[in-house]
Amino acid sequence: MAEKSVDGYIAGLEDWQAEIVTRVRIIVRQAAPAAKESYKWAQPVYESNGPFAYIKAFKSAVNFGFWRGVDLDDPQGLLQGTGDKMRHVKLASVDDIDEDQLARFVQQALELNHTKGDPTKAS
């Protein structure tokens, strides 16, 4: 059985989904060049002192999510979700991608992991 990878994940998507995921992947790599990219929990995951962001394709949109989404500064109200910690931006097309704002979310999420620790570990 072939090892699952982010490239393999993208290859299995519809064209419009793959285009969104590829663009978001570039944003994360530019905003957090030292972060580890992996395929975990059936989706691309980005880690630095624990996971901080993920990308998940759905039938009608791609979610770009953050483990500590409730703690991110979101002046435009882009983040959605109702959980205790996680939030995501719903992207239905590449036109929905605000590269500057998504890069700011990535940088904030990275900083939160470095100040607060791994979000998957009990504090």
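Below is a summary of the structure that appears in this document. Everything quoted here is computed from the prediction, not taken from an experiment. (Residues numbered from 1 in each chain as written. Predicted model: local features only at pLDDT ≥ 70, side-chain atom pairs only at ≥ 80, totals over all residues. Heavy atoms only, no water.)

## A short note on the pairing of strand E1 (residues 36-40)
Every other side chain in a regular strand lies on the same face of the sheet, so the side chains alternate between the two faces. Pairing geometry for E1 and strand E2 (residues 43-47), over five bridges, is antiparallel. Across the sheet, Tyr-39 pairs through a bridge with Pro-44, a residue of E2. The loop that links E1 with its antiparallel partner E2 comprises two residues; one of these, Trp-41, has a positive phi angle of about 55°. (Pairing = 2+ DSSP bridges. Helix = DSSP H or I, 4+ residues; strand = E, 2+ residues; numbered from the N terminus.)

## Side note on helix H3 (residues 99-116)
With 18 residues, H3 ought to run about 26 Å at 1.5 Å a step, and its terminal C-alpha atoms sit 25 Å apart, in line with that. When we look at burial in H3, the residues that qualify are Gln-101, Leu-102, Ala-103, Phe-105, Val-106, Ala-109, Leu-110, Leu-112 and Asn-113. In the core, the buried residues of H3 are packed alongside helix H2 (15-31), strand E3 (51-57), strand E4 (62-66) and strand E5 (87-91). Downstream of H3 by one or two residues, Gly-117 has phi in the positive range, about 95°. (Expected span 1.5 Å × (residues − 1). Buried < 20%, exposed > 50% of the residue type's maximum accessible area, 1.4 Å probe, protein only. Contact = heavy atoms within 4.5 Å.)

## Quick look at the sheet that holds E2
Pairing in this open sheet of five strands is antiparallel, and the strands run E1-E2-E3-E4-E5 from one edge to the other. The open sheet terminates on both sides in strands that have one partner only, identified here as E1 and E5. When strand polarity is set aside, the average angle formed by the axes of neighbouring strands in this sheet is 20°. H2 rests against E1, E2, E3, E4 and E5 of the sheet, and its axis sits at about 25° to E4. (Axes fitted to C-alpha atoms, helices over the stretch in contact; angles between N-to-C directions.)

It is worth stressing that arrangement in space is one thing and function is another; only the former is reported here.
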